[in-house]
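# Chains, contacts and geometry: an overview
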Amino acid sequence: MKIVFIGPPGVGKGSQAKRLSADTLRPHISMGDMLRLQKMKKIQGGKSLGSFIDCGDLVPCEVVIKFLKDRIFKEDCRNGYYLDGFPRTLKQANVLDSILAEQGDFLDFAVEFYIPGTGNDLFERIMSRLSCSQCSETYSMKNRPPLREGFCDLCDAPLLRREDDTLSSFRKRMDIFKKWATPLLDYYKEKGILLRFNALNSIDETYADLLKGLGVQKE
Ligand code: AMP
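Here we summarise the structure given alongside this text. All values derive from a computational prediction rather than experimental measurement. (Residues numbered from 1 in each chain as written. Predicted model: local features only at pLDDT ≥ 70, side-chain atom pairs only at ≥ 80, totals over all residues.)

Moving on, we get to unusual backbone geometry. Here the bond from Phe-86 into Pro-87 is cis, since omega is 0 degrees, no more than 30 degrees from zero. Residue position: Pro-87 is located in the loop between strand S5 (81-84) and helix H5 (90-102). For Ser-136, which is not glycine, the phi torsion reads 70 degrees and is therefore positive. One can find Ser-136 in the loop between strand S7 (129-132) and strand S8 (138-140). Even without a glycine there, the phi angle at Asp-156 is positive, about 65 degrees. For Asp-156, a count of 12 C-beta atoms within 10 Å corresponds to the exposed category. (Helix = DSSP H or I, 4+ residues; strand = E, 2+ residues; numbered from the N terminus. Buried ≥ 20, exposed ≤ 12 C-beta atoms within 10 Å, placed from the backbone.)

Dropping the structure here:
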């Protein structure tokens, strides 16, 4: 099963995709995580990935496509994968579809997480977010605190705030999401593969909705 996860910053799509990955044994592929890992490397005539990521701008399309191709053709992706943070634009969605079509393949679902209303609490969620410096596991001081304060439950490495979790970067990411989300979501709606989930509920409730929507039975 191949699924793309779409939603505004802080909505919790990464946490849901990770959980589904652990329960169904298919890789969770976070474009943001891959880019952050490579952040120090220079691209585009000296402009670093960090200069896009830290201020909340989109990394150029050709760069993310390269990361995508390098990852989804790996052996562990043979039975599917969950793409988190890709595609973000209609152009990226078209590229993904052509890559899949070349292999006689297709996307099963596009999953959208949304927060009804103004979405004001997204920034609050972002500000309470901490990520593991080693394995990228994400915690929320509000909804999912680590067992030992400041350290990852899974690998015991220190937890850090993401460098792009600032008000200005959040605003930029929201603007970009608002600009690109409608055509992207319309595209998947027209294909009949869009599933929408209200992410205002607890992480567990949202996850239960997701499993039901996908028709996945938890072992
Ligand atoms: P995320 O971890 O999904 O919040 O992504 C963090 C940052 O990585 C974004 O603000 C962008 O700078 C960059 N990024 C992630 N995914 C993409 C994408 N599909 N296209 C362009 N830039 C991306």
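Taken together, 18 residues lie around the ligand, and Met-31, Gly-32, Leu-58, Val-59 and Gly-85 are the ones closest in. Mapped by element, the contributors of at least two residues to the shell around the ligand are helix H2 (31-37) and helix H3 (49-53). Examining the composition of the shell around the ligand, we find that three residues originate from one element, H2, more than from any other. Within the shell around the ligand, the residues separate by chemical class into 10 nonpolar, four polar and four charged. (Near = placed C-beta within 6 Å. Nonpolar A, V, L, I, M, F, W, Y, C, P; charged D, E, K, R; others polar.)

Turning next to the sheet that holds strand S2 (residues 28-30). Across the sheet, five strands lie side by side as S2-S5-S1-S6-S10; this open sheet has parallel pairing. Looking along the sheet, the strands with just one partner apiece sit at the ends: S2 and strand S10 (194-198). Looking at each pair of strands side by side, their axes are set apart by 20 degrees on average, direction ignored. Bridge count for strand S1 (residues 2-6) against S5 is four bridges, and the pairing is parallel. Within S5, the residue paired with Phe-5 across the bridge is Asp-84. Of the strands in this sheet, strand S6 (109-114) and S10 are in contact with helix H8 (residues 203-214), which crosses S10 at around 160 degrees. (Pairing = 2+ DSSP bridges. Axes fitted to C-alpha atoms, helices over the stretch in contact; angles between N-to-C directions. Contact = placed C-beta atoms within 7 Å.)

Bringing the nonpolar core into the picture now. In terms of nonpolar packing, the biggest core is built from 30 residues, with Val-4, Phe-5, Ile-6, Tyr-82, Leu-83 and Val-111 touching the most fellow members. Examining the composition of this core, we find that four residues originate from one element, S1, more than from any other. Setting aside its immediate chain neighbours within four residues, Tyr-82 contacts Ile-3, Phe-5, Ala-17, Leu-20, Ser-21, Arg-26, His-28 and Ile-29. Core analysis: the second largest hydrophobic core is formed by five residues, Leu-130, Cys-132, Cys-152 and Leu-159 among them. (Core = buried A, V, L, I, M, F, W, Y, C linked by C-beta atoms within 7 Å.)

A separate point is the environment of Leu-194. By secondary structure assignment, the location of Leu-194 is in strand S10. Remark: the alpha-carbon pair of Leu-194 and Lys-91, spanning 103 residues in sequence, is separated by 17 Å. Residue contacts for Leu-194: discarding those within four places in its chain leaves Ala-110, Glu-112, Leu-185, Tyr-188 and Lys-189.

Residues of S5 alternate between two faces, with Tyr-81 and Leu-83 on one and Tyr-82 and Asp-84 on the opposite face, all of them buried. Sheet topology note: the S2/S5 ladder contains three bridges and is parallel. Counted as the bridge partner of His-28 is Tyr-82 from S5.

A few words on the environment of Asp-33. With respect to the secondary-structure elements, Asp-33 resides in helix H2. With 17 C-beta atoms counted inside 10 Å, the residue Asp-33 sits in the partly exposed group.

Within the open sheet, the three strands sit side by side as S8-S7-S9. Their pairing is antiparallel. Taken across any chain shown, the strands that pair with only one partner, and hence form the sheet edges, are S8 and strand S9 (159-160). Bridge count for S7 against S8 is three bridges, and the pairing is antiparallel. By the bridge assignment, Arg-129 is partnered in S8 with Ser-140.

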